[in-house]
Amino acid sequence: MLPFKLVYHPGYDLNLGEHVFPARKYRLIHDHLLDEGFARPMDFIQPQPASDEYILRVHEAGWVKRLKSGTLSPQELLRMEIPYSKQMVEAFWLATGGTILAARNALGDRIGVNIGGGFHHAFPGHGEGFCAIHDVAVAIRALQHESLIERALVVDCDVHHGNGTAAIFAGDRSVLTLSMHQFHNYPSEKPPSVIDIHLRDGVSDDEYLDRLRGALKVAMSFAPHMIFYLAGADPYYKDQLGGLSLTMEGLKQRDRVVFETGLEAGVPLAVTLAGGYARNTDDTVAIHCNSVKAAREALG
């Protein structure tokens, strides 16, 4: 049995059809971890959808209503870049419930993993870049509201800047946002995080890891009560939407650095998987599975 629970629901699939975002990856990760014997069925737990009460601590009521009723404007749909369906909306509510559950689990297990989530391009009143609801922000507000944590650190290692995260928490001294991303990539407008690491095109393992260690050293002076880690698979050198050059082993080392930094400081970590668009979906699945394995290894 694993020392932490893996939060997963079959409903995480966003029903996107043929799309560059392989939403079936969540099921494939779940199946792969079982098939290779790393995890057993009892290691997985299913979340409930987040309540609207939780969602509305971050998102505007009008946006939530338009999402749930299917009355988004053509411009809103275009900005989100994914097809609308009831299943898509339900998947975001489930993924958000999953991130809240993973964060609660982390308080007791030191690490909590959501096999999904990390939708960091969602803003309070609109969606962008395949993201409609900001599950991480909702989870932070949920735990703060329940007085389970006061200060949260967001460590975003997706290849794309966490623009929604930066906007939501701008000026909020209870949340430190760290985004480490390729500068010449989506989104074109990057509202400032507390710490932004703008990487040049083609950065590979050694430079990436050096920059990450330096950023984490600064960020940990914030003394967070929890780290929310977005373990994007898209810094991978074969990613279709990325322009960095990390190897699979480099990405696993990245995960170890984040986990070890938190654990050595006694800070629990809630993990979401964020983006991943490798030409071969099996590569994306392997990278995400490696993040789960790195969490297990970090706990010893």
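Residues numbered from 1 in each chain as written. Predicted model: local features only at pLDDT ≥ 70, side-chain atom pairs only at ≥ 80, totals over all residues. Heavy atoms only, no water.

Draft legend 1. Fine view of the pairing of strand S5 (residues 175-182). Counting buried residues in S5 gives eight out of eight residues, a clear majority hidden from the surface. Where strand S4 (residues 152-156) and S5 come together, five bridges link them in parallel fashion. The residue of S5 that forms the bridge with valine 155 is leucine 178. As a crossover connection, the stretch from S4 through helix H7 (residues 163-168) into S5 is right-handed. Direction of pairing for S5 relative to strand S6 (residues 195-199): parallel, over a ladder of five bridges. Bridged to methionine 180 within S6 is isoleucine 197. (Buried < 20%, exposed > 50% of the residue type's maximum accessible area, 1.4 Å probe, protein only. Helix = DSSP H or I, 4+ residues; strand = E, 2+ residues; numbered from the N terminus. Pairing = 2+ DSSP bridges. Right-handed = clockwise from strand over helix to strand, strands pointing away.)

Draft legend 2. Structural view of unusual backbone geometry. A cis geometry characterises the amide bond from tyrosine 186 onward to proline 187, with omega recorded as -5°. Position of proline 187 relative to the elements: it lies in the loop between S5 and S6. Phi at asparagine 15 takes a positive value of approximately 60°, unusual for a residue other than glycine. Looking at the secondary structure, you find asparagine 15 in the loop between strand S1 (6-7) and helix H1 (25-35). The phi dihedral of serine 147 falls on the positive side, at around 60°, and the residue is not glycine. Its location among the elements puts serine 147 in the loop between helix H6 (135-145) and S4. Note on serine 147: relative accessible area 65%, which makes it exposed.

Fair warning: the whole summary comes from geometry, so function is off the table for now.
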